[in-house]
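Breakdown of the fold
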Amino acid sequence: MKFEDYIKKGIIKRSSPDRLLARSLIKQTLQDKTFFDKLEITELSARKIASNYYDMLRSILEVMAALDGYKIYNHEAFAVYLKEKGEEEKSIIFDRLRKIRNNINYYGAALSIEEAKETIVDAKYLMSYLIDKYLRELRDEIKKCKVVKT
């Protein structure tokens, strides 16, 4: 399905750009990242930590969409949103992370420490890339959170 198809189906809705929402989401997301960056990845924590990094990445995409004047109601549609922005490669990475997270959350899939670390590295890379490229206008909010590039 294409971006416009998601709009026609109501999965993506056009709205006014929402800077207030974007500021709130980026602040919460970066605070979460600071917290999760301090946690040790163990056999017990691997799947939950990896799943939360995906959620942080999705939140970054929600920030981007809010600034662009969209509300996206489906995780799969975020991959299409990235494609619409010309980020085909990033879309593929995001969709792979989405499937890993879905397997964890909906099918009880286990994740080894090594798999979790790889998932987290990819999520951090995408978050950093998207923030650097698309969220410069939120620079002040990002600095307040003392984000360290990963």
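Nothing here was measured: the structure is a model prediction, and the numbers come from that model.

1. As for the overall build of the chain
Each helix and strand counted, the chain has 7 helices and 2 strands in total. Each helix and strand of the chain, ordered N terminal to C terminal, gives the series α-β-α-α-β-α-α-α-α. Over its C-alpha trace the chain gives a radius of gyration of 15 Å, about what one expects of a compact globule, namely 15 Å for 150 residues. Oriented by its inertia axes, the alpha-carbon framework of the chain measures out at about 45 × 35 × 20 Å. Burial analysis of the chain (150 residues in total) assigns 46% to the buried set.

2. With respect to helix α2 (residues 19–37)
Taking 1.5 Å of rise per residue, the 19 residues of α2 would be expected to cover 27 Å, and the 26 Å separating its terminal C-alpha atoms lies within 8% of that figure. Here α2 has its buried residues at A22, L25, I26, T29, L30, K33 and F36. Mapping the buried residues of α2 onto a view down its axis gives an arc of 125°, with all of them on the same face. Residues of α2 that are buried sit in contact with α3 (46–68), α6 (113–134) and α7 (139–144). Measuring from the backbone nitrogen of L20 back to the side-chain oxygen at the start of α2 gives 3.4 Å, which picks out D18 as the cap.

3. Structural notes on the side chain of K33
Relative to the assigned elements, K33 resides in helix α2. A distance of 2.7 Å separates a polar atom in the side chain of K33 from a polar atom in the side chain of D37.

4. Here we look at the side chain of R58
Locating R58 in the fold gives a position in helix α3. If sequence neighbours within four positions are ignored, R58 has contacts with H75, F78 and F94.

5. Some details on the packing of α3 against helix α4 (residues 75–84)
It is at 11 Å that the axes of α3 and α4 come closest, and there the two elements cross at 60°. Our classification of the angle between α3 and α4 gives oblique. As α3 runs across α4, the sense of the crossing is left-handed. Only H75, F78, Y81 and L82 of α4 make contact with α3, whose side of the interface consists of Y54, R58, L61, E62, M64, A65 and D68.

6. Some words on the pattern of salt bridges
Taken as a whole, this structure holds 14 salt bridges when the rule is applied. For D55, the salt bridge identified is with R101, shortest N-O distance 3.6 Å. Within this pair, whereas D55 is found in helix α3, its partner R101 is found in helix α5 (residues 88–107), the two being separated by 46 residues in sequence. Residue D95 pairs with K99 through a salt bridge whose shortest N-O separation is 3.5 Å.

7. A few points about the environment of I93
Its location among the elements puts I93 in helix α5. Sequence separation of I93 and A79 is 14 residues, and the distance between their C-alpha atoms is 8.8 Å. Other than its neighbours up to four places away in sequence, I93 contacts D122, Y125 and L126.

8. Some thoughts on the packing of α3 against α5
A pair of packed helices can be characterised by two numbers: the angle between their axes and the separation between those axes. Remark: α3 packs on α5, axes separated minimally by 10 Å, with the N-to-C direction vectors making an angle of 135°. Overall, the two elements α3 and α5 adopt an arrangement that is oblique. Classified by chirality, the crossing of α5 by α3 is left-handed. Where α3 abuts α5, its residues R47, S51, Y54, D55, L57, R58 and L61 lie against F94, L97, R98, R101, I104 and N105. Looking at side-chain class alone, the contact of α3 with α5 contains 6 nonpolar, 2 polar and 5 charged residues.

Rules used in this analysis
- Residues numbered from 1 in each chain as written.
- Predicted model: local features only at pLDDT ≥ 70, side-chain atom pairs only at ≥ 80, totals over all residues.
- Heavy atoms only, no water.
- Helix = DSSP H or I, 4+ residues; strand = E, 2+ residues; numbered from the N terminus.
- Rg over C-alpha atoms; globule rule 2.2 N^0.38 Å.
- Buried < 20%, exposed > 50% of the residue type's maximum accessible area, 1.4 Å probe, protein only.
- Expected span 1.5 Å × (residues − 1).
- Arc of directions from axis to C-beta.
- Contact = heavy atoms within 4.5 Å.
- Polar contact = N/O pair within 3.5 Å; in protein donor to acceptor, adjacent residues only side chain to side chain.
- Axes fitted to C-alpha atoms, helices over the stretch in contact; angles between N-to-C directions.
- Parallel < 35°, antiparallel > 145°, perpendicular 65-115°, else oblique.
- Left-handed = near helix turned anticlockwise from the far one by under 90°.
- Salt bridge = Lys/Arg side-chain N within 4 Å of Asp/Glu carboxyl O.
- Nonpolar A, V, L, I, M, F, W, Y, C, P; charged D, E, K, R; others polar.

Taken by themselves, the reported measurements are silent on function.
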